[in-house]
Structures are given as structure tokens and as C-alpha cells.
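What the coordinates show
What follows is each chain in one-letter form.
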Amino acid sequence: MSKLLIGGELVDAVKKETYEVRNPATGQVVDQAAKGSEEDVRQAVDAAETAFKEWSDTTPEDRGKALESACELIQERSKDIAALLTQEQGKTLFEAGLEIHHLIHGLEFYAGLASKVRGSHVPLPQKNAYGMVVRQPIGVCGAIVPWNFPLTLMGTKVGPALAAGNTIIVKPASTTPLATALCMELIAQATYAGGKKSLPAGTVNFVSGPGGSVGEELLSNPRIRRIAFTGSTPIGRHVMEVAGREIKRVTLELGGSDPMIVMEDANVDMAVKMADIGRYFNCGQMCLGVKRLFVHESVAEDFVSKLAAGLQKKAVGDGMKKESRMGPLHVDYQRTEVEEQVEDAKARGAKAVAGGARPEGDEFKNGHFYLPTLLTDVPDDARIATEECFGPALPVFTFKDLDEAIERANASEFGLGSSIWTSNMVYANKAIDRLEAGNVWVNSLHYGYDELPFGGVKSSGVGREHGPEALDYYLEPKGVVVVNV
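Quick summary incoming for the structure in this document. The structure presented is a predicted model; accordingly, all values stated were derived computationally and were not measured.

Reading the values: rules and limits
- Residues numbered from 1 in each chain as written.
- Predicted model: local features only at pLDDT ≥ 70, side-chain atom pairs only at ≥ 80, totals over all residues.
- Heavy atoms only, no water.
- Core = buried A, V, L, I, M, F, W, Y, C linked by side-chain atoms within 4.5 Å.
- Buried < 20%, exposed > 50% of the residue type's maximum accessible area, 1.4 Å probe, protein only.
- Contact = heavy atoms within 4.5 Å.
- Pairing = 2+ DSSP bridges.
- Helix = DSSP H or I, 4+ residues; strand = E, 2+ residues; numbered from the N terminus.
- Axes fitted to C-alpha atoms, helices over the stretch in contact; angles between N-to-C directions.
- Disulfide = S-S within 2.5 Å.
- Expected span 1.5 Å × (residues − 1).
- Parallel < 35°, antiparallel > 145°, perpendicular 65-115°, else oblique.
- Left-handed = near helix turned anticlockwise from the far one by under 90°.
- Nonpolar A, V, L, I, M, F, W, Y, C, P; charged D, E, K, R; others polar.
- Polar contact = N/O pair within 3.5 Å; in protein donor to acceptor, adjacent residues only side chain to side chain.
- Phe/Tyr/Trp six-rings, centres within 6.5 Å; stacked < 30°, edge-to-face > 60°.
- Lys NZ or Arg CZ within 6 Å of the ring centre and 35° of its normal.
- 1 Å grid on protein atoms, 1.4 Å probe; cavity = no way out; pocket = protein on both sides within 12 Å on 5 of 7 lines; lining within 4 Å.
- Points joined across faces, edges and corners; volume = space filled by probe spheres on them.
- Salt bridge = Lys/Arg side-chain N within 4 Å of Asp/Glu carboxyl O.

Core analysis: the biggest nonpolar cluster contains 55 residues, and Ile261, Val262, Leu293, Phe303, Leu307, Leu374 and Ile384 have the highest contact counts within it. With sequence-adjacent residues up to four places away left out, Phe303 is seen in contact with Val262, Val268, Ala271, Val272, Ala275, Leu293 and Val295.

Now the structure itself:
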């Protein structure tokens, strides 16, 4: 059974309650998980506050060494972690392996940054005086992680939090606690100072359980000074409202409806390949996935036929099987929503040139499977165009010129990622300048590099994760005035 991690110990929930974690491909129970509550979060806060006094006093070099040690421990157990992740989340083993690789790379990135934090010296208009800006850790941080990429999105919070000298409490999605629990246990075992010291008990804590109890306590507890949330836009609004009452530092990485613009001079074959990966990786359950495809009318027929042909060959199945190239959707209600969005588009005149239905066969009857779907002739007011589609369905639109494409791409409440495919740098620079998104990729897959800031504008969130910029949200700047006497 997966337990809670509080104060360096694996413990049962205070109320001794548990719940089942099920495989979305088979419906079978993978394991039991501890069902935490407000009381468990409060115990974790106590432990994190105690640990903060020691952890914040460690050297930046030691904090970096501890993160490096955590990476080594995770790498040693990567096969076990990948199997757990596939069984509880549904993604293929190949995708699970890539997620673990991304987690380790991100933690290594912040291990290197831990000793690179800089303040500043400021001349002042006063004789014999100068100013300084020093940057100090905030304290106890709370991290709320979704189910689509539970490990990497945990790492984007734990890495900078620990590098900056904070302690942290992680709440996973209720449906994906297992792999995260194992990773957090390994991180808690990390050592530094030549392997002679371990993380102070309570530096990292893990509390699984319902959002209505565990999540709400993280948001409302005044001793937690920082909240990092990744999830849907509606829940993000609630997070900001509740956490704002305590004037907490908040970052929100929310939903997206990323446009991909393919110009007439694009490398069509490469763009087709990246549209396939960018939309259907992890069964399309990505905030930064390609969700609206805009193709220049002169290359649209060729592009669509090539993409549709590839999708019709994509092997859908249980992620534990090596031949599977796309697993199930994580939860049944998510599949239902995607089906409703596709059917709404069809009712408005759209055509499914690939997919558009559930796969048939006994091996699919107990899972949340849906075929990779490509839609043409989609009207701009269809739900799949105006809402976020969190699944393996992609609407295609054609356009005459770049100005039209950018205008339609920006006609969304979301602004997370975007891309343009072209060999013309005039086109590329116009898109970089005018696309309303936190990230723009030119001739590149929609991918969140650890080296660059990642986050959205408009309804896609506030603040940034990844990059050196992420540390800014885990450090409090303090102005200092020194007068020589």
C-alpha cells in the first residue's frame, strides 16, 4: 500500500482510510493508497516548518548535492517507477520512461542552479551608504500536481523549492499517487556532504487524498506561504481565490488550446510528424499539446492526408504492452468529454478523416480507449475549437495568409503555447511578436524545456515554471540599506 510521507516517515493517514487506484486500461486495482485529510496536512506542515530551520541553513552547494543524490536514487528505480506510472496513469511504458528522464533532467538542472543565486549591490543617493538586495527562501511550500504528467510536474515544483532552501508538501492527483509516492520517498533519502548527511526529516512531504480536504488545507493553511498549482483553468481560479485570502505566493500553470500554424513553405513531412507527437503523445492529455491546427490552404490536402494515414496505423492499447503507441484516456469522464466535443463538431458539419470512435474488441472493453481523431471542416464556433480538448482529437483549419492565421490562433481565452512552421524568418518573427502565448516554438515540437521559462498568459495561468526564472517564485527579495558609521 502507498503511504503518506510526513516528517521523514512513511505513515498511514490519521483516519486510517485508504482508497483504490485503478488501471485506466483494464479497470483492475493497481494498489491501495492512503487517504489523507486536513489533519495529515497539518502534521506535514509541522514537520516542514521544523525541517525548514535546518534545511534553509544548509549551503547552496549541499542543496545541489542533495538533488543530485535524489536523481541517482530515482534513476536506480526507474523501471519500477515507470511500471507504476503506466499502470496508474495509462500512458505507454515508452512515454513513462520519457517522463522519468524529464524529471531527472529537471532536478539536475536545479541542482546546478542552487549555488548560482545572485543578489545585487545598489548605489544610494546618501553619503556613506549603499543598498543590497538579498534573496531568501520563503518557507513551507505547497505543490498540487495533476494526473497527466505527475512526475515531471512534481519535479518542476520540488526542484526549485529545494534548491532555494524551502521545504515542501506535495499533493498528487487522487488517481495517480503511486509513482509520485515512490519518487518522493527516494528524494527524502537523498544525501549530501559526501553522503554523510540526509535531508532533514520533513524537508519533503507527501499527502495523497481528495482535493476537497487535502488540497483545501494546503490552500487555506496560513503557515504554507507558497502554492504551485498545475491543473485546469476552473480549478486554478479557485486556487487563486482561496490562497489569495492568505496573501500567498501563487503560480498557476493551467489549460491551453495551443495553435500550430503551418505555412506554405514549411517542411510538411516534419510538421506532420511533430503534429502527431504534439497532439497524440500521452493520449493527447497535455496542457501544451497541439490542439488547433492551422494549415495554409496550398498544402492542407497533402498535410491532412499524410497525418490521417499515420493515425490510422497508430497502435492503441494497454500501455504495458510494447506494441502500444497510445494508451487510454486516464478517466472515463475525460473520454466522455472528448467524445462530446467530437460529436458536436460533426453535428456542425465537421468530418472525421481518422478516428472519431472508440476502438472495437474485447481488449478495449474495460478501458477508457478512444481512437486518435483528426477533424476537418470544423467551424470556428465548435466546442473543440473554443474549449480545451484534453484528449486525442485535433481540429484542422485552413487559412490564406499569416495575418489571418495569427488572428484566429489568438481568438481563444487560452495562451499557453503556440508554434509556427516556416523557412521564412519574416513569418517566424511576426508570429513570435504577435502570438498571444507564453511560449512560441519555431519549427519545433511543443515541449517544455527545463532551461526556458514555461507558463501561460490569459486563462492559461500566471507565473513561470522551468528555467532560472522559476527560482524567483521560491525566493523572497529583501532590500537592505547599510550606512557606514
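What follows covers the sheet that holds strand E24 (residues 475–483). Strands sit in the order E5-E6-E24 across an open sheet of three strands; the sheet is antiparallel. Each edge of the sheet is formed by a strand with only one pairing partner; in this case those strands are strand E5 (120–123) and E24. Averaged over all pairs of adjacent strands, the angle between their axes in this sheet comes to 25°, without regard to strand direction. In the sheet, E5 pairs with strand E6 (residues 129–137) via four bridges, with the strands oriented antiparallel. Across the sheet, His121 pairs through a bridge with Met132, a residue of E6.

Evaluated as defined, the whole model comprises zero disulfides. Cysteine Cys389 is unpaired, with the sulfur of Cys283 as its nearest cysteine sulfur at 9.9 Å.

With 17 residues, helix H2 (residues 60–76) extends 25 Å from end C-alpha to end C-alpha; this agrees with the ideal 24 Å at 1.5 Å per step. Looking only at H2, the buried set comprises Arg63, Gly64, Ala66, Leu67, Ser69, Ala70, Cys71, Leu73 and Ile74.

In this section: the packing of helix H13 (residues 402–409) against helix H14 (residues 425–434). For the pair H13 and H14, the least separation of the axes is 11 Å and the interaxial angle reads 25°. Here H13 lies roughly parallel to H14, going by the angle between them. Considering how the two elements wind past one another, H13 and H14 form a crossing that is right-handed. Facing Leu402, Asp403 and Ile406 of H13, the residues of H14 in contact are Tyr427, Lys430, Ala431 and Arg434. Residue composition of the contact of H13 with H14, by class: four nonpolar, no polar and three charged.

Mapped onto the elements of the fold, Glu465 is located in the loop between strand E23 (461–462) and E24. Since its relative accessible area comes to 6%, Glu465 is described here as buried. In terms of polar contacts, Glu465 uses its side chain to reach the side chain of Lys157, at 3.0 Å. Filtering out sequence-adjacent residues up to four positions away, Glu465 remains in contact with Thr156, Lys157, Ala228, Thr230, Leu452, Pro453, Phe454 and Ala470.

An order of E16-E17-E18-E15-E14-E20-E21 is seen for the seven strands of this open sheet, with the pairing classed as mixed. Looking at the sheet topology across the chains shown, the edges are occupied by strand E16 (351–354) and strand E21 (441–442). Examined bridge by bridge, strand E20 (residues 419–421) and E21 share two bridges and lie parallel to one another. Within E21, the residue paired with Ser419 across the bridge is Trp441. This element, helix H9 (residues 268–280), spans strand E14 (258–262), strand E15 (290–296), strand E17 (373–376), strand E18 (393–399) and E20 of the sheet and lies at about 140° to E18. Sitting on the sheet, H13 touches E14, E15, E18 and E20, and the angle it makes with E18 is about 145°.

Enumeration over the complete set of coordinates arrives at seven aromatic pairs. Consider the rings of Phe294 and Phe397, whose centres lie 5.2 Å apart with planes at 25°: the pair is stacked. Taken together, the residues Phe294 in strand E15 and Phe397 in strand E18 connect sequence positions 103 residues apart. Directly above the aromatic system of Tyr474 lies the positively charged group of Arg226, at a separation of 4.2 Å from the ring centroid.

Moving on to the packing of helix H3 (residues 78–89) against helix H6 (residues 178–188). Two elements in contact, H3 and H6, have axes separated by 8 Å at closest approach and are oriented at 150°. By the criterion of interaxial angle, the relationship of H3 to H6 is roughly antiparallel. Counting all contacts with H3, which are made through Ile81, Leu84, Leu85 and Glu88, the residues of H6 involved are Leu178, Ala179, Thr180, Leu182, Cys183 and Leu186.

We now examine the pairing of strand E4 (residues 29–34). One face of the sheet, then the other: side chains in a regular strand alternate in exactly this way. When strand E3 (residues 18–22) meets E4, the two strands line up antiparallel, connected through five bridges. Across the sheet, the residue bridging to Thr18 is Ala34, located in E4. Connecting E3 to the next strand, E4, in antiparallel fashion are six residues, including Gly27 with a positive phi near 80°.

In this section: empty space enclosed by the protein. Under the counting rule described, the total for this entry stands at three cavities of 30 Å³ or more. If you add up the space inside the largest cavity, you get close to 80 Å³. When contributions to the lining of the largest cavity are tallied by element, the ones reaching two or more residues are E14 and strand E19 (414–415). The residue inventory of the lining of the largest cavity, partitioned by class, reads six nonpolar, six polar and four charged. Considered as a void within the structure, the second largest cavity measures approximately 50 Å³ in volume. In terms of lining, the second largest cavity is formed by His102, Leu103, Gly106, Leu107, Tyr110, Thr152, Gly155, Thr156, Asp450 and His466. For the lining of the second largest cavity, the secondary-structure elements that each account for two or more residues are helix H4 (93–113) and helix H5 (150–163). Among the elements that take part in the lining of the second largest cavity, H4 stands out by supplying five residues, more than any other. Of the residues in the lining of the second largest cavity, the class split is three nonpolar, six polar and one charged.

Let us look at the pattern of salt bridges. Summed over all chains, the structure comprises 31 salt bridges. Residue Glu20 is joined to Arg22 by a salt bridge in which the shortest nitrogen-to-oxygen separation is 2.8 Å. With a closest N to O distance of 3.7 Å, Glu413 and Arg237 form a salt bridge. A residue pair is termed long-range when its members are at least 10 positions apart, and Glu413 in the loop between H13 and E19 and Arg237 in helix H8 (residues 233–244) qualify at 176 residues. The exposure class of Glu413 is partly exposed, given its relative accessible area of 39%. Connected through shared salt-bridge partners, Asp46, Glu49 and Arg223 make up one network.

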